[in-house]
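Coordinate inspection notes
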Amino acid sequence: DGNGSTINGYSNNDIGSDGFADDINGTTGIRVAGTDATRHTNVTIRNVDLESGSTGINATHTSDIEIVDVSVTGASLQAIDVHETDGNVTIRNVETENSPIYSEGPQIPSRPAIDVGERPDLHDAVPDRINVTNLSVDDSTQTPASTPESAVKLETDGGPITVTDTTISPSPRGGLA
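Residues numbered from 1 in each chain as written. Predicted model: local features only at pLDDT ≥ 70, side-chain atom pairs only at ≥ 80, totals over all residues. Heavy atoms only, no water.

1. Re unusual backbone geometry
Just so we agree on the cut-off: In DSSP terms, a helix is any run of H or I states spanning at least four residues, a strand is any run of E spanning at least two, and both are numbered starting from the N terminus. A simple rule labels every residue: compare its accessible area, found with a 1.4 Å probe on the protein chains alone, to the largest value its type can have, and call it buried under 20%, exposed over 50%, or partly exposed in between.
Unlike most non-glycine residues, glutamate 84 shows phi in positive territory, near 50°. Locating glutamate 84 in the fold gives a position in the loop between strand E8 (78-83) and strand E9 (86-97). What makes glutamate 84 buried here is its relative accessible area of 10%. Backbone geometry places asparagine 134, a non-glycine residue, at a positive phi of 55°. Within the fold, asparagine 134 resides in strand E11 (residues 129-138). When its relative accessible area of 39% is taken as the criterion, asparagine 134 is described as partly exposed.

Dropping the structure here:
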């Protein structure tokens, strides 16, 4: 439990005059990283605000993760990234604003603000079920409209994805994929 704490200014990326990142060297506000052999299980990230960093929350090699009562503002690359994860993924009472701020480069597509599921470049586990309740994604417009990514991308191994009480605005590429 973050006890309402704010993690602020955890980024040190360099932005070029073209608006793309010249150097990605920022950090992640909260990182949960297991391995294929040793997965973290029953992880809860709760009651924390993350401001002005590269990635707000990144979780890999976990089973059953819950992200609750979290806000991410001004994440330069991604607000929430959960991959190589199985079991249930729950996102509840989460707000993201102005994330992502920029792309990694003209040839590298921007990422969604929230990405849960498979990553094509990695050997993956994929969630069995995703539950999203009371999610607000606001001002995820920095990703160019020419990229294929939606503001929120959710993917399971064929299991159910439930989304309720969610607002995504504005997003030139579509809100949910």
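2. Some remarks on the environment of serine 52
Assignment of secondary structure puts serine 52 in the loop between strand E5 (40-51) and strand E6 (55-60). Residue classification places serine 52 among the partly exposed residues on the basis of a relative accessible area of 39%. Along the backbone, serine 52 and asparagine 98 are 46 residues apart, and their C-alpha atoms lie at a distance of 9.6 Å.

3. What about the nonpolar core?
Convention followed: To define a nonpolar core, start from buried Ala, Val, Leu, Ile, Met, Phe, Trp, Tyr and Cys residues and group those joined through side-chain atoms within 4.5 Å. By the convention used here, residues are in contact when the closest approach between their heavy atoms is within 4.5 Å.
Judged by nonpolar contacts, the single largest core of 29 residues is most densely connected at Ile45, Val70 and Ile114. Residues contacting isoleucine 114, with those up to four places away along its chain left out, are Ile80, Ile91, Thr96, Leu135, Val137, Ala151, Val152 and Lys153.

4. Regarding the sheet that holds strand E4 (residues 28-33)
Applicable threshold: Two strands are said to pair when DSSP picks up at least two bridges between them. Only C-alpha atoms enter the line fits that serve as axes; for helices the fit covers just the stretch in contact. Angles between N-to-C directions range over 0 to 180 degrees.
Read from one edge to the other, the open sheet built from five strands follows the order E4-E6-E8-E10-E12, with strand pairing classed as parallel. The strands lining the two open edges of the sheet, one partner per strand, are E4 and strand E12 (152-154). Ignoring which end each strand starts from, the neighbouring axes of this sheet average 5° apart. Bridging between E8 and strand E10 (residues 114-117) involves four bridges; their strand directions are parallel.

5. Let's talk about the side chain of glutamate 66
As a reminder, the rule being used: Under this definition, polar contacts are N or O atom pairs within 3.5 Å; protein pairs additionally need one hydrogen-donor-capable and one acceptor-capable atom, and for neighbouring residues in sequence, both atoms have to be side-chain atoms.
With respect to the secondary-structure elements, glutamate 66 resides in strand E7 (residues 62-73). Looking at glutamate 66, its side chain comes within polar contact range of the side chain of arginine 92, at 3.0 Å. Apart from the residues within four sequence positions on either side, glutamate 66 is in contact with Val43, Thr44, Ile45, Arg46, Thr90 and Arg92.

These values are about where atoms sit, not about what they do.
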